[in-house]
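What follows is each chain in one-letter form.
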Amino acid sequence: EPRNSEVEQRTTSAAEHLHKQPFVIGVAGGAASGKKAVCDMIIEQLHDQRVVLVNQDSFYHNLTPEELTRVHEYNFDHPDAFDTEQLLCAMEKLKHWQAVDIPKYDFKSYKSDVFPARRVNPSDVIILEGILIFHDPWVRDLMNMKIFVDTDADVRLARRIRRDTVEKSRDINTVLDQYSKFVKPAFDDFILPTKKYADIIIPRGGDNHVATDLIVQHIRTKLGQHDLCKIYPNLYVIQSAFQI
Ligand code: ADP
Ligand code: C5P
């Protein structure tokens, strides 16, 4: 029989631990599927919560001078294009309530060390977004909720053409060549196979208001449980005892 003070100590540290573990949401899906749109909707609806967004794009490897001269032959959709160690390190820090400096990525210069870096403070909710965030098992393990944005390939291609020609000032032939050479095969080989890890699959992306409403409701319930544990540390014991 543990003494009262021991129980109290254990429950308090459990409650602290619960509070200190942010709720991590992963949002994956093909390029231009609407991941950012879904994240923006979640953030907007969670307006009274502290939420931070981390993009996998920030962890693109820098290209060597040689790779830069033949940039059209570089596969930006392959898992090796990302510095997953650095991503893991940043996420681990945020999960343990430490601030991190996350590099900014410049799609025009293909550089990921554009200064100043973005200072990201730990938060109750951390959203990690990117085409391949479900690929690495260690990164997957950090997540409390995994969302896959499922948008038809023709819609993704149409949006990509518009985005890359208008926002990134790229030539349409370059966009189409990159799509058939790298983007489509990588989607089939690396991105689509990670859909099986998702807890929730959102058809049509940002247009799906019912899905985002349900997701936000679930996050609120989970955060509410954290808050209750902060106020009533013994609730943790009650919850454990009844295995709620
Ligand atoms: P991702 O983050 O998956 O690359 P984005 O959310 O940035 O996708 O969307 C890709 C492009 O498609 C953007 O230019 C965005 O404005 C556009 N877009 C996203 N969702 C919609 C939508 N529901 N309807 C029309 N255009 C959209
Ligand atoms: O924001 P989104 O998820 O669409 O970003 C991923 C896409 O960005 C990939 O499909 C990749 O081909 C593209 N990309 C690019 N040029 C870079 C880096 C990434 O076209 N320099």
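In what follows, the structure referred to is the one given above.
Quick caveat: nothing in here was measured; it's all calculated off a predicted structure.

### Comments concerning the overall build of the chain
What the chain contains, in helices and strands, is nine helices and seven strands. The buried share of the chain, taken over its 244 residues, is 42%. The contacts in the chain between residues at least 6 apart in sequence include a share of 76% that link residues at least 24 apart. About 13500 Å² of surface is accessible on the chain, with carbon and sulfur atoms providing 52% of the total.

### Let's talk about the packing of helix 6 (residues 153-166) against helix 7 (residues 172-191)
Direction vectors running N to C along helix 6 and helix 7 enclose 140 degrees, while the axes themselves pass 11 Å from each other. Looking at the two axes, helix 6 sits oblique to helix 7. Considering the relative orientation of helix 6 and helix 7, their crossing is right-handed. Contact with helix 6, carried on its side by Ala153, Arg156, Leu157, Arg160, Ile161, Asp164 and Thr165, involves Ile172, Val175, Leu176, Gln178, Tyr179, Val183 and Phe187 of helix 7 and no other residues of that element. Of the residues assigned to the contact of helix 6 with helix 7, the class counts are nine nonpolar, two polar and three charged.

### Topic: the sheet that holds strand 5 (residues 125-129)
Strands sit in the order 2-5-1-6-7 across an open sheet of five strands; the sheet is parallel. Strand pairing shows two members of the sheet lacking a second neighbour, strand 2 (51-55) and strand 7 (200-203), which therefore form its edges. Each neighbouring strand pair of the sheet contributes to a mean axis angle of 20 degrees, computed without reference to strand direction. Two elements, strand 1 (residues 23-29) and strand 6 (residues 145-150), share five bridges in a ladder whose sense is parallel. Opposite Ile25, over in strand 6, you have Met145 as the bridge partner. Taken strand by strand, helix 4 (residues 84-95) contacts strand 1, strand 2 and strand 5, and its axis lies near 165 degrees from that of strand 5.

### Quick word on the packing of aromatic side chains
The geometry of an aromatic ring pair comes down to the distance between the two centres and the angle between the two planes. What the rule picks out here adds up to six aromatic pairs. Relative to Tyr105, the ring of Tyr60 lies with its centre 5.0 Å away and its plane at 40 degrees, an arrangement referred to as tilted. Residue Tyr60 is located in the loop between strand 2 and helix 3 (65-69), and its partner Tyr105 is located in strand 3 (residues 100-106); the two are separated by 45 residues in the primary sequence. Under the relative-accessibility criterion, Tyr105 is labelled buried at 14%.

Cut-offs used in this document
- Residues numbered from 1 in each chain as written.
- Chains lettered and ligands numbered in written order.
- Predicted model: local features only at pLDDT ≥ 70, side-chain atom pairs only at ≥ 80, totals over all residues.
- Heavy atoms only, no water.
- Helix = DSSP H or I, 4+ residues; strand = E, 2+ residues; numbered from the N terminus.
- Buried < 20%, exposed > 50% of the residue type's maximum accessible area, 1.4 Å probe, protein only.
- Contact = heavy atoms within 4.5 Å.
- Areas by Shrake-Rupley, 256 points an atom, 1.4 Å probe, with all protein chains shown as cover.
- Axes fitted to C-alpha atoms, helices over the stretch in contact; angles between N-to-C directions.
- Parallel < 35°, antiparallel > 145°, perpendicular 65-115°, else oblique.
- Left-handed = near helix turned anticlockwise from the far one by under 90°.
- Nonpolar A, V, L, I, M, F, W, Y, C, P; charged D, E, K, R; others polar.
- Pairing = 2+ DSSP bridges.
- Phe/Tyr/Trp six-rings, centres within 6.5 Å; stacked < 30°, edge-to-face > 60°.

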